[in-house]
Structures are given as C-alpha cells and as structure tokens.
Amino acid sequence: MVYCGKASQGCQNCRTRRIKCDKVRPQCAQCIRVGKPCPGYRDQLSLMFRDESSKVIKRAHQQWGVPDTSEQGEGSGSSPTPSTSSSSSATSPTSTSTASPISIRRRLAASQSPQSASSAITFKREAPELGYRVPTEISINAVDRAIQFYIEHYVIGLPDEPKVGQELQGRPWVHSAVTREIMAAVGLASLSNINGDKKLSTLSKQHYGRALHNISSSIMARHVPELDLDVILRAVVMMAMYEVVRGRDEKPAPGARTHIMGGAAILTSFLPFHQSQSEGLRGLLQLCFSMIASTQGAFQYTSPEPNNMIPSRPEPQTGEGGLPPPFQQWLSMGANMATPKEIPSTELILPVVELVKLSGYVRSQHFIDGQQATTDMIGTALALDAQFGAWEDRQDGPWTVIEEQVSDNFFPPDAVFEGRYHIYTDMYFARIWNHYRWARIMLSQLLIESVQRFPSSSSSLISDKKIQQIQDCLVRLVRDTLISIPTHYRHPNLQPEHLEHFDKTQGGAVIGIAGIPTLLFEIKVAGVAPGIPRHYRTWAMGILETIWAKMGMYQSKVLSGMLAKTIEPEGSPERGSPVWIKEEGYP
C-alpha cells in the first residue's frame, strides 16, 4: 500500500542493522559473515501491506506543522448514528415512457444492471475517533456527510452495485471497520475538492491513515483463506480511489498504482482457496489491465508532451516497460484459470503489454527519418496493429457488442453521445472492450505520427490507402469509446427511464467504482486522438469536467486540462492533423 519510502527487501537482520543485504538465498552474506541465522525475506504480500502508519502520521505531522506527539483521539458518542442517504431524482422528461431502441451493429448481448437513486441506510458503526487537529463538532458532521456522499456518488447506481440504499443494509463491507474509514477518507477528499475546504482535506488524511492501519492489521492478523475477499478488495479499491480523488500536483497521483499491485497480490494468494474463482479471476485480470493502463498513463503524464506518442525529444526514464516484477506471475495465473469466456481477455493482454513496451521504447529513443531503426519501429507497430485487428475479428458470441439508438432527443445530449449506447453480455466484457479500444487508438496514433514525422521511413510500409484505413479505424474506436461511457458511468442528468436502457448490460465486473479511474484515462486517450471531429473532443472534455464537478476527482480535472489543449479553434477542419501536433514540436 502507500508507504513513506521504497520498501527494503533485505532480511530482518540487515534491516535492523541498517546495512545493505545481498538477498542471496537461502542465507545472505552479511548473516553468514557474523555467524547468525538469516531470517529470510518478505514476500510480495507482506511488502504491499506492511503497517507503516506511524511513519505516515509522522510525515503528515511534519507537512502540517503539527508537533509529533502521540495520538490523542477525542472520542465522541458511542451510540450508533443513523446516516440517511437520499438522492432526489429530477422529474422525468415528458417523453414516452420507454422508447423502442433501434439495433444498429456489433458485438454483444444483454440483461440487467443498476440505476441511480438511494434511500435511507443506517450504518452499524460507532462514531469515529477524532483527531485533535480538527474540532470535534466539525469532524462528526463532516464524517457522516462524507460517508453519505461516498455511498451516493461512488456506489449507488453504478454497475455491479445496488440501485437503492436499502439494498446495502445486508452487505457486510458497508459496516466493516476496514472499509468505513476509507469511505470517510474518499468522501472527505471529494468534498474538500468540490468546496475548496482545507479542513476537510486534513480530516481525510487522518481517516486515510486509520484506514491504512486497519487494512494492514486485518491482512496480517489472519490466514489468507479466512479473509473476507469482498471487504478487503473494496478497501484496496477505495485506497486507490483516494489517490485518484485527492491528487497532489498537476500530474495524476501515482499512488493508485501501488494499491493496484496490492490488490493483485491479495488475489493471487486468495484465488487457490476461494470457492467462487470466477469472480476472483475476473478481478485479477481487470487489475492486470489497470496496471498496464496506469503504466502507459505514467509514460505520458510525466512527459512534457503528454498528448503525443512520439515526443520531439527522447525521454530516457521511460525506456523500460514499467510493469512490476510479479506481473508475469499474475498473468500466468489468470491464463491458467481462465474459462472459455475469459480466454479472449487473456489473449488481449499480450498485445496490450507489447504496445506499452513499444511506447516506452519509442519515448526513450531519438528516431531519424530514413534510418533503419525508424523503419523497424514502424514495422513493429504495423505488425502489432495486425494482431489487434485479428483479435477483434475473432470476437463473437458473448463478446458481441450491440449498438442501439432511441428516438431523437430522448437522452440528455451531454450524457449520451449522439443518442446511442452499447449493450454487452456483462460489465466484465464492457471493460475489456474499452481496454482494447484505448490500446488500439494509441497504436493508431503512433502510426499516424510516424507517417507525419518520418515520411521516408514510412513510405515503403504505409500506403496512402493504408493510412486512411488506420485513421478511419481510430475514429471508429474513439466513437465507440464515447458511446460506451453510459455503460460505465451514470451521468447526473440521466433519469430512471434512461437508465433502464443501460441496465440491459448485466453486472459481472465485481466492483462498480473500480472501473472509473481507467475510464478517465480512456476518455482522455479518445479525446486527444488525432484527426477526430471537434465535437468528439468537446463532448469528452464535458464528461471529465462533470466528473470533477460532481465527484471531486482531481485526476479528472488534470486530464480535462490536457484534453483542452487539443481542441481546435471553431471553423477548423474536422478531419486531419489536430492543432496540438504543430504546437508540440512537429514540423
């Protein structure tokens, strides 16, 4: 999980003596030299979830200017406090109750998923222990409001989640101490961003520290088979969400990546013991895809040219693939346990990983038009594009996607792109399709930029007809990404009669909110793609701005700012090279 510095992987003896450990197995050289038995090394799960709460608190105190004294919680009221969660629905538009959809094309089938609306829910919890830095009366009310905000904006109505608050009463994770603190932390951070309230931000850090301690203690105190997988995974997802919401600077927070690794480490330890392996397997595969997306995002978010695939100057720090050492183990476990339905997702991971490796390589090198290295790079990208095309052509049956459209003006135009939506077999398939889309959009962008930057090297490989096919494919995938958004995110302007159309896609992705951070990345990738119509960009930016304004996700604000730089002036051609190609160093 989040920690104060890089984890030492040395043995306990060397860490206690603060000397370098060579980590040789079965015993390190330092222990042999002094004649002590070597205690061995910590595994991946221990590293992810070690308890460093005291270090986190000490560092926070230093940042806030607070004396480093022992924790003095001001307990307040021990009786359970009811928290009412109610979201009012605006009156429905006066249209016919359910318009008949028109099936248009492609890949998948149907059932049900959630709606938005919440009713009263009572949390079985003690009033939180409150730190001395925030007045008690502020803390009590703020924490209740924060948990209510989290339930209403991050749970109710999202795919795989209840449609109304009463359905949460029987869910153990809602009342667990492990998840309660992190719900408060995420809700407080969101409200702090929306309202600009620094006191709420301070309070969110306190609850985050407690949540980190709770989850670490829970994992370390029990054998893996005894853990409540739903509680622990939700807590991990919420920890990652806290990083996405809070933010620290003008780059999206990297801490979420650490939590994704932690979740994957838990699942790889848990899966052999779990009775329902399908749910855990899908969770693991989604975490692998999220790790890949976060790695690709990190390449670009840390770049002076975050919207380009080929930077004008090499960026050597991105030369490695960037995936963690245990990633291959996670991937192998997923591939070995996959059922026929999941096999296409394990097949897709391989070319997506190759794309990320190629992207890191391209960003680390200085390519010159006409040189063999440049021609080889373009050839590699073309071969990878052929793999993606073959994967898409193979999908049918449960992987089919159906695109539908209802009568004109039925959906709010800012919530549903061009009045169209997708139907998938379930949410797992919906998420995997969007991973395919962002990866191939970026690969298509790489090829388009190669033609623009390196005409001599690309001319023998990419004909005018081929580059037009690549551009058309990119525009189609961007459009599909935008059309898919209501399946993953419920815009606040959507009403119950709208949601029943999206609910034709069943649940199946395990946790609803887990897909939102990657969705933000996917919207950004689609919105900055070269040669798309201007209204594609402005619509995508509107979604990011809505998520920032209504949910307080700082990462959405940052990505919206990146996308804003790509929007062409009014009256510019809708097809062709976008303005940002010239702005960021291209000839």
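Residue numbers run consecutively from 1 along every chain, following the written order of its sequence. Per-residue local features are limited, in this predicted model, to residues with pLDDT of at least 70; the limit for side-chain atom pairs, both in listing and counting, is 80 or more; totals at the level of whole chains, interfaces and linings are taken over all residues. Water and hydrogen atoms play no part in the side-chain values, which are based on all heavy atoms of the structure.

- An unreviewed UniProt entry annotates the protein chain as Zn(2)-C6 fungal-type domain-containing protein of Podospora comata.

1. Description of the overall build of the protein chain
Working step 1: The secondary structure content of the protein chain amounts to 22 helices and three strands.
Working step 2: Exposed residues in this analysis have more than 50% of their type's maximum accessible area, buried residues have under 20%, and partly exposed residues fall in between, with area computed by a 1.4 Å probe over protein chains only. Taken over 587 residues, the protein chain has a buried fraction of 56%.
Working step 3: Working rule for contacts: check all heavy atoms of both residues, and any pair within 4.5 Å makes them a contact. Intrachain contacts of the protein chain at a sequence separation of at least 6 include 81% that bridge at least 24 residues.
Working step 4: Computed with the Shrake-Rupley method and a 1.4 Å probe, the accessible areas treat only the protein chains shown as cover for residues. About 24100 Å² of surface is accessible on the protein chain, with carbon and sulfur atoms providing 52% of the total. Helix and strand assignments follow DSSP, with helices taken as H or I runs no shorter than four residues and strands as E runs no shorter than two, numbered in order from the N terminus.

2. Re the packing of helix α19 (residues 516–527) against helix α20 (residues 534–551)
Working step 1: Every angle, taken between N-to-C directions, lies between 0 and 180 degrees, and every axis is a line fitted to C-alpha atoms, over only the stretch in contact when it is a helix. Close contact between α19 and α20 brings their axes to 9 Å; oriented N to C, the two are set at 155 degrees. Put simply, α19 runs roughly antiparallel to α20. The two elements α19 and α20 cross, and the hand of that crossing is left-handed. In contact with Leu520, Ile523 and Gly527 of α19, α20 contributes Arg537, Ala540, Ile543, Leu544 and Ile547.
Working step 2: Put simply, Ala, Val, Leu, Ile, Met, Phe, Trp, Tyr, Cys and Pro go in the nonpolar bin, Asp, Glu, Lys and Arg in the charged bin, and everything else, Gly too, in the polar bin. Residues of the contact of α19 with α20, tallied by class, amount to six nonpolar, one polar and one charged. In what follows, roughly perpendicular refers to angles from 65 to 115 degrees, roughly parallel to angles under 35, roughly antiparallel to angles over 145, and oblique to any angle outside these ranges. Each crossing gets its handedness from the near helix: less than a right angle anticlockwise from the far helix is left-handed, clockwise is right-handed.

3. Comments concerning the packing of aromatic side chains
Working step 1: Aromatic rings from Phe, Tyr and Trp, with only the six-membered ring used for Trp, were paired whenever their centres fell within 6.5 Å, and each pair was classed as stacked if the ring planes differed by under 30 degrees, edge-to-face if by over 60, and tilted otherwise. Per the counting criterion, the structure on display carries 21 aromatic pairs.
Working step 2: With a centroid separation of 5.5 Å and an interplanar angle of 80 degrees, the aromatic rings of Tyr421 and Phe502 are classed as edge-to-face. With a gap of 81 residues between them, Tyr421 in strand β3 (residues 420–423) and Phe502 in helix α18 (residues 496–502) connect regions that are remote in the sequence. This pair shows no difference in class: Tyr421 is buried, exactly as Phe502 is.
Working step 3: Measuring from ring centre to ring centre gives 5.0 Å for Trp438 and Phe521, while their planes differ by 75 degrees; the resulting arrangement is edge-to-face. Of the two residues, Trp438 sits in helix α15 (residues 427–453) while Phe521 sits in helix α19, which places them 83 residues apart along the sequence. Comparing Trp438 with Phe521 shows no difference in burial state: the two are buried.
Working step 4: Within the aromatic cluster, the residues linked to one another by ring pairs are Phe388, Trp391, Trp399, Tyr428, Phe429, Trp433 and Tyr436.

4. Structural notes on the UniProt feature "domain: Zn(2)-C6 fungal-type" (unreviewed entry) in the protein chain
Working step 1: UniProt positions are given in the numbering used here, feature names are shortened, and annotations may be inferred rather than shown by experiment. In the numbering used here, UniProt assigns the feature "domain: Zn(2)-C6 fungal-type" (unreviewed entry) to residues 10–38.
Working step 2: As a span, residues 10–38 carries 41% helix and 0% strand, and end to end its C-alpha atoms are 10 Å apart.

5. Description of the pairing of β3
Working step 1: Every second residue of β3 is oriented toward a common face, with Arg420 and His422 on one face and Tyr421 and Ile423 on the other, all of them buried.
Working step 2: The pairing of strand β2 (residues 402–405) with β3 spans four bridges and is antiparallel. Residue pairing for β3: Gln405 is matched across the bridge by Arg420. A strand pair is defined by DSSP finding two or more bridges across the two strands.

6. Examining unusual backbone geometry
Working step 1: The backbone of Arg18 sits at a positive phi, close to 60 degrees, despite the residue not being glycine.
Working step 2: Residue class for Arg18 comes out exposed when judged on its relative accessible area of 79%.
Working step 3: The backbone of Glu418 shows a phi angle near 55 degrees, a positive value even though the residue is not glycine.
Working step 4: Relative to the assigned elements, Glu418 resides in the loop between β2 and β3.

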